[in-house]
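Here's the letter readout for the chains.
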Amino acid sequence: MARYKTDHFGIARKIVSNMTLQSWTEIPHATIMYDADVTELFNVVKKLNEGVTDKNEKITINTVMMKIICEGLKAAPKMNTHLEFDRKLVRGSLHYFDHIDVSMPMILPNGEMMTVNMHDMGDKSLKEMTATINDTVRRARKTNLEEVMYEVSIADTLTGLSKGKVTQALRRVYGSLTPGKHKIKKLSGSEKKEYYSIPETERLTKHDIEQGTTTISNLGSIYREQKGFCALLEIIPPQTTAFAVNAAQKRPTTVQDENGNDVIETRSIMPITIAIDHRALDYGDIVPFMRKLDEIFANPECILEWKDNK
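What you see is a predicted model, and the numbers here were worked out from it, not measured in a lab. (Residues numbered from 1 in each chain as written. Predicted model: local features only at pLDDT ≥ 70, side-chain atom pairs only at ≥ 80, totals over all residues. Heavy atoms only, no water.)

**Q** Would you mind going over unusual backbone geometry with me for this structure?
**A** Negative phi characterises most residues that are not glycine, and trans characterises most peptide bonds. Residues proline 237 and proline 238 are joined by a peptide bond in cis, for which omega reads 10 degrees. Mapped onto the secondary structure, proline 238 falls in the loop between helix H9 (219-222) and strand E7 (241-245). Positive phi values are uncommon outside glycine, yet aspartate 120 reaches one of about 50 degrees. With respect to the helices and strands, aspartate 120 occurs in the loop between strand E5 (113-118) and helix H4 (126-140). Look at aspartate 120 and you get partly exposed, because its relative accessible area is 31%. (Helix = DSSP H or I, 4+ residues; strand = E, 2+ residues; numbered from the N terminus. Buried < 20%, exposed > 50% of the residue type's maximum accessible area, 1.4 Å probe, protein only.)

**Q** Explain the nonpolar core to me, please; I cannot follow it from the model alone.
**A** For soluble globular proteins, nonpolar side chains are generally found buried alongside one another. Among the nonpolar cores identified, the biggest contains 60 residues, and Phe289 and Ile303 are the most heavily contacted of them. If one sorts the elements of this core by residue count, helix H3 (residues 61-75) sits on top with seven residues. Once you skip the residues sitting within four places of it in the chain, phenylalanine 289 turns out to touch Ile69, Gly72, Leu73, Ala76, Met79, Phe243 and Ile274. The next biggest cluster of nonpolar side chains, apart from the first, holds seven residues, and it includes Cys230, Ala242, Ala244 and Ala275. (Core = buried A, V, L, I, M, F, W, Y, C linked by side-chain atoms within 4.5 Å. Contact = heavy atoms within 4.5 Å.)

**Q** Explain the packing of aromatic side chains to me, please; I cannot follow it from the model alone.
**A** Each aromatic ring pair is characterised by the separation of its centres together with the angle its planes make. The final tally for this structure, using the stated rule, is three aromatic pairs. Over the ring of tryptophan 306 we find lysine 67, and its NZ or CZ is 5.9 Å from the ring centre. Cation over ring: arginine 203 sits above tyrosine 195, and NZ or CZ is 5.2 Å from the ring centre. (Phe/Tyr/Trp six-rings, centres within 6.5 Å; stacked < 30°, edge-to-face > 60°. Lys NZ or Arg CZ within 6 Å of the ring centre and 35° of its normal.)

Any link to function would need more than the numbers given here.
In structure tokens:
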């Protein structure tokens with residue numbers, strides 16, 4: 001066996017590796033699958049886009065699913081929380097928020113992955129959500145991933161220092177800034193000056209990358225031919241929930257006909273993976289969320305009311 005290539009982690013991969021390791025080291029994950037019947041929903045989404053000619057104004061199924069999850073979180077506010085937990089003293093606090101900031105992984109034009117914070121998505125209309133997502137994608141094209149990730153890393157290190165995590169902070173500095181193949185490559189000189197001359201309204205900043213109140217990953221948008229579903233996904237602390245929206249798949253499903261008889265039909269099913277931090281949440285805490293989703297998928301015409309804020 002001959003090794004033919006070695007890739008050393010850049011700052012984005014370092015941050016992801018560190019956060020996911022912390023997630024699986026600290027958090028007792030529990031997951032549940034919700035099978036959403038989106039057969040009628042797809043037809044309603046077509047109605048949302050009737051007469052829309054500009055592709056940038058088109059409301060996608062991805063945006064609709066994010067909105068549906070946000071509506072579910074409003075019904076189950078305990079799922080939209082951050083947890084503080086001291087294992088040594090066995091003390092915990094759960095912080096609730098009056099807004100829903102969605103951490104959303106997205107693929108950049110260069111093929112790299114970045115998780116962005118879509119602020120206050122719970123109260124936005126579908127049109128506003130679409131505009132926000134499109135603007136984030138636009139600004140991402142002008143963003144230097146290494147620079148914005150470095151800003152986030154520095155802020156996180158300073159936060160750690162303020163909490164007394166001196167050893168951790170020193171190790172991060174040593175691992176990232178000491179000369180060698182693992183050193184973070186930052187902009188300098190005229191290149192740096194030119195990049196930071198770009199207005200913050202035209203590029204992503206630390207504000208766009210900071211921690212959200214929950215995470216929603218749309219796996220179906222990455223691979224529409226997906227079969228099956230995501231069985232596990234990590235919760236990024238201090239968040240207490242994470243969601244994976246899988247690709248819609250044709251499945252034989254039991255439904256009732258007009259006479260109330262059970263019949264088998266081919267339906268479009270979109271599995272939603274729900275992960276919870278079991279320190280903060282029990283399965284019973286998810287029930288209001290699932291009931292809200294049941295209500296929406298049973299009456300998908302309701303999403304027409306979300307198109308605009310009136």
